[in-house]
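As a plain string of letters, each chain reads:
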Amino acid sequence: MNELICVGCGPGDPDLLTVKAVKAIKNADVIMCPTSKEGKTSIAYSIVSSVINDSKPEVVNLVFPMVKEKSILEETWKKNTKIIVDAVNSGKRVVYLTVGDPYLYSTWIYLHRELQTKYPGIKIKVIPGIVSLFTFASKVGISIAEGSETVAVIPSCYDLSRVKDTAKNCDTMIFLKDGRYFDKVVQLLKEAGFQDNSIFAIGQDLDTEDEVVRKLTLGEVTKETFTNKYFSIMVVKRA
Ligand SMILES: C[S@@+](CC[C@H](N)C(=O)[O-])C[C@H]1O[C@@H](n2cnc3c(N)ncnc32)[C@H](O)[C@@H]1O
């Protein structure tokens, strides 16, 4: 049976690729790489490029525009799934790349659903990757949870109305996706009982030459503390 392998590539450092990921990448005939715009280098591809240099697979960019319109998204998932399916059915060993782990806010989740419902004959293997937020925790030395603590992971570029209620019941709040919205939630966290001595850490473009990492307390945060790019992470933890 034809097989498709989805590979979690970790957050950016090729040394954080798993051995299994490297084996799958080196063995692939075709590597499918998600990107947000036509002609834009895929971030996932840039993580693995040093590994695939000598194996020379065909590299195909699949465009997933960063929009919220359901109809455009569904059309994109359908179209890109078909491209993957055609490659698998032609007998090629196909690998689909994704940043971090495939099951956390990844395009893979939608492709997987489309594959399961429309192409049940395609055998799927998924190789987990190191999640960005754990890479960040290692860089700043913050425990994501210990003992009885609870954790929330929130994508910061959607409706933030649930943040305050969630924060009341959580010890560690992790914000992913667009750093340009992070400043909006700090006030909500304070209103939910996060004190000025809470641990605060923010990161951007981890494992790249533009990496930004800051660790301070919630009370020390100013406008200048925030990051301004999509590839940002913010962690706030009760002291
Ligand atoms: C579409 S989600 C993908 C998450 C990914 N599947 C994971 O397991 O980490 C993209 C978000 O992950 C976070 N992220 C992933 N890699 C990152 C990096 N190298 N530096 C900073 N943030 C990163 C950012 O919050 C970014 O907006």
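Reading the values: rules and limits
Residues numbered from 1 in each chain as written. Predicted model: local features only at pLDDT ≥ 70, side-chain atom pairs only at ≥ 80, totals over all residues. pLDDT = per-residue confidence, 0-100. Helix = DSSP H or I, 4+ residues; strand = E, 2+ residues; numbered from the N terminus. Core = buried A, V, L, I, M, F, W, Y, C linked by C-beta atoms within 7 Å. Buried ≥ 20, exposed ≤ 12 C-beta atoms within 10 Å, placed from the backbone. Axes fitted to C-alpha atoms, helices over the stretch in contact; angles between N-to-C directions. Parallel < 35°, antiparallel > 145°, perpendicular 65-115°, else oblique. Contact = placed C-beta atoms within 7 Å. Nonpolar A, V, L, I, M, F, W, Y, C, P; charged D, E, K, R; others polar. Domains from an automatic or database assignment.

A. Structural detail: the confidence of the model for the chain. The predicted model of the chain averages 95 in pLDDT, with 99% of residues at 70 or higher. In the model of the chain, helix H7 (residues 182-191) stands out as the element of lowest mean pLDDT, 91, in contrast to strand S4 (residues 94-98), which has the highest, 98.

B. Representation of the nonpolar core. Judged by nonpolar contacts, the single largest core of 29 residues is most densely connected at Val-7, Cys-9, Ile-84, Val-94, Val-95, Tyr-96 and Leu-97. Elements with a contribution of two residues or more to this core: strand S1 (3-8), helix H1 (19-26), strand S2 (30-35), helix H2 (43-52), helix H3 (70-89), S4 and helix H4 (107-118). Grouped together as the second largest cluster of nonpolar side chains are 25 residues, Phe-175, Val-185, Ala-201 and Val-236 included.

C. Region of the structure containing the packing of H1 against H2. The N-to-C vectors of H1 and H2 enclose an angle of 70°; their axes lie 10 Å apart at closest approach. With respect to H2, the element H1 is oriented roughly perpendicular. Between H1 and H2, the contacting residues are Val-22, Ile-25 and Lys-26 on the first element and Val-48, Val-51 and Ile-52 on the second. Taken together, the residues of the contact of H1 with H2 sort by class into five nonpolar, no polar and one charged.

D. Broad picture of the domain arrangement of the chain. Structurally, the chain comprises domain 1 (3-127) and domain 2 (132-237). The gap between the C-alpha centroids of domain 1 and domain 2 is 28 Å. Facing the six residues of domain 1 at the interface are eight residues of domain 2.

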